[in-house]
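Given next are the chains, with one letter for each unit.
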Amino acid sequence: MNETSELGGLYCDLHVPLEWEPLTASDSPVGVDLVNQNRLKIILGLDEVIHEADENPELGQELQRLDFKVNIILELVGQLVSHNLTLPPSSSIKLGPDTVQWVTREPAPSQGQTLEIRLYLDQRFPFPLSLRGQVAGLAQTPAGSQVQLVLDPMSEQTQDLLEKFIFRCHRRHIARMKTQPVNN
């Protein structure tokens, strides 16, 4: 994750299962935004930390124990679902609040083409975030075709949740950088 890039602004470097398909004018995004909101809430909720309540530390400890048990159940259910799903191959992506960039070895989409991209952002919750947009850039690299997709506008709530996900990704990246030794 870097603060600046050719994408501009904050973005998140991820290696996640990804699939995409071209859309036609008749493909309707009805319901996609609400599904994305719910999935982002769940993914963000998986990393929520319950802090002890100052007034009632016993309640805080009990909530932490309950949170731990729920997370174990979610992890196990996610593993069961994952084993029964065929997830697409993982790709390195750069996810920004209004742009997604990835490299594909498949035949690249056309400039200006409308796509739906499905990203599986968390292995504990193997359901995709479905984003739509237009191909705004194509470039050849040794690894394949680099595609830049400018995302279609989302509802304010979905956009806020996506930005929160990207910001958390950024914070995790900074925390990892602080714990890695510096090589001279």
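What you are looking at is a predicted structure, and each value in this text was computed from that prediction instead of being measured. (Residues numbered from 1 in each chain as written. Predicted model: local features only at pLDDT ≥ 70, side-chain atom pairs only at ≥ 80, totals over all residues. Heavy atoms only, no water.)

*Asks:* For this particular structure, what's the right way to read the overall build of the chain?
*Replies:* Counting its regular elements, the chain contains three helices and six strands. Going residue by residue from the N terminus, the α and β elements of the chain occur as β-α-α-β-β-β-β-β-α. Relative to its 184 residues, the chain shows a buried fraction of 35%. As displayed, the chain offers around 11,300 Å² of accessible surface, 55% of which is attributable to carbon and sulfur atoms. (Helix = DSSP H or I, 4+ residues; strand = E, 2+ residues; numbered from the N terminus. Buried < 20%, exposed > 50% of the residue type's maximum accessible area, 1.4 Å probe, protein only. Areas by Shrake-Rupley, 256 points an atom, 1.4 Å probe, with all protein chains shown as cover.)

*Asks:* Hey, could you run me through a negative patch on the surface in this one?
*Replies:* On the surface, Asp98, Glu156, Asp160 and Glu163 cluster together into a negatively charged patch. Among the secondary structure elements, Asp160 is positioned in helix H3 (residues 156-179). (Patch = residues over 30% accessible without salt bridge, like charges linked within 9 Å, V, L, I, M, F, W, Y side chains within 5 Å. Salt bridge = Lys/Arg side-chain N within 4 Å of Asp/Glu carboxyl O. Lys, Arg positive; Asp, Glu negative; His and termini not counted. Charge placed at Lys NZ, Arg CZ, Asp CG, Glu CD.)

*Asks:* Would you take a moment to explain the pairing of strand E1 (residues 12-22) for this structure?
*Replies:* Remark: a regular strand shows side chains that alternate across the two faces of the sheet. With six bridges joining them, E1 and strand E2 (residues 90-95) adopt antiparallel strand pairing. Along E2, the bridge assignment pairs His15 with Ser92. As defined by bridge partners, E1 adjoins strand E4 (residues 114-119) across five bridges and the pair is classed as antiparallel. Residue pairing for E4: Pro22 is matched across the bridge by Leu115. (Pairing = 2+ DSSP bridges.)

*Asks:* Explain the sheet that holds E2 here, please?
*Replies:* Paired through backbone hydrogen bonds, the strands of a sheet run either parallel or antiparallel to each other. Pairing is antiparallel in the closed barrel, where six strands are placed in the order E1-E2-E3-E6-E5-E4. The average angle at which neighbouring strand axes cross in this sheet is 45°, direction not considered. Of the strand pairs in this sheet, E2 and strand E3 (residues 99-104) are connected by three bridges, and their pairing is antiparallel. Following the sheet pairing, Ile93 is matched in E3 by Trp102. (Axes fitted to C-alpha atoms, helices over the stretch in contact; angles between N-to-C directions.)

*Asks:* What's the story with the packing of helix H1 (residues 32-46) against H3 in this structure? I'm lost.
*Replies:* Relative placement of two packed helices is described by the angle separating their axes and the distance separating the axes. Packing of H1 against H3 leaves a shortest axis separation of 9 Å and a crossing angle of 30°. One finds that H1 runs roughly parallel with respect to H3. Taken as a pair, H1 and H3 cross one another with a handedness that is left-handed. In contact with Asp33, Asn36, Gln37, Leu40, Lys41, Ile43 and Leu44 of H1, H3 contributes Gln157, Thr158, Leu161, Leu162, Lys164, Phe165 and Arg168. Classifying every residue of the contact of H1 with H3 by side-chain character gives six nonpolar, four polar and four charged. (Parallel < 35°, antiparallel > 145°, perpendicular 65-115°, else oblique. Left-handed = near helix turned anticlockwise from the far one by under 90°. Contact = heavy atoms within 4.5 Å. Nonpolar A, V, L, I, M, F, W, Y, C, P; charged D, E, K, R; others polar.)

*Asks:* How should H3 be read in this particular structure?
*Replies:* Note: α-helices contain 3.6 residues per turn, so residues at a spacing of three or four share the same orientation. The first and last C-alpha atoms of H3 sit 35 Å apart over 24 residues, in line with the 34 Å expected at 1.5 Å per residue. Residues Thr158, Gln159, Leu161, Leu162, Phe165, Ile166, Arg168, Cys169, His170 and His173 constitute the buried set of H3. (Expected span 1.5 Å × (residues − 1).)

*Asks:* Quick question: what am I supposed to make of the pattern of salt bridges here?
*Replies:* For side chains bearing opposite charge, pairing can occur when the charged atoms are close. In the structure shown here, the tally under the stated rule is three salt bridges. Between Glu19 and Arg118 there is a salt bridge, with its nearest N and O atoms 3.1 Å apart. Of this pair, Glu19 sits in strand E1 while Arg118 sits in strand E4, and the two are 99 residues apart along the sequence. Relative accessible area serves as the criterion here: at 26%, Glu19 is assigned to the partly exposed category. The shortest N-O distance in the salt bridge between Arg118 and Glu116 comes to 3.2 Å.

*Asks:* Would you explain the state of the cysteines in this entry?
*Replies:* Chemically, a disulfide is nothing more than a covalent bond linking the sulfur atoms of two cysteines. The tally for this structure, following the rule as stated, stands at one disulfide. Between the sulfur of Cys12 and that of Cys169 lies a disulfide, 1.8 Å long from S to S. A torsion of 75° about the S-S bond marks the disulfide between Cys12 and Cys169 as right-handed. On the criterion of sequence distance, the pair formed by Cys12 in strand E1 and Cys169 in helix H3 is long-range, its members being 157 residues apart. Both residues of the pair, Cys12 and Cys169, belong to the buried class. (Disulfide = S-S within 2.5 Å.)

*Asks:* When you look at the side chain of Ser91 in this model, what are you seeing that I'm missing?
*Replies:* As for its position among the elements, Ser91 is in strand E2. Each residue touching Ser91, except ones within four places of it in the same chain, is listed here: Leu14, His15, Val16, Leu18 and Val103.

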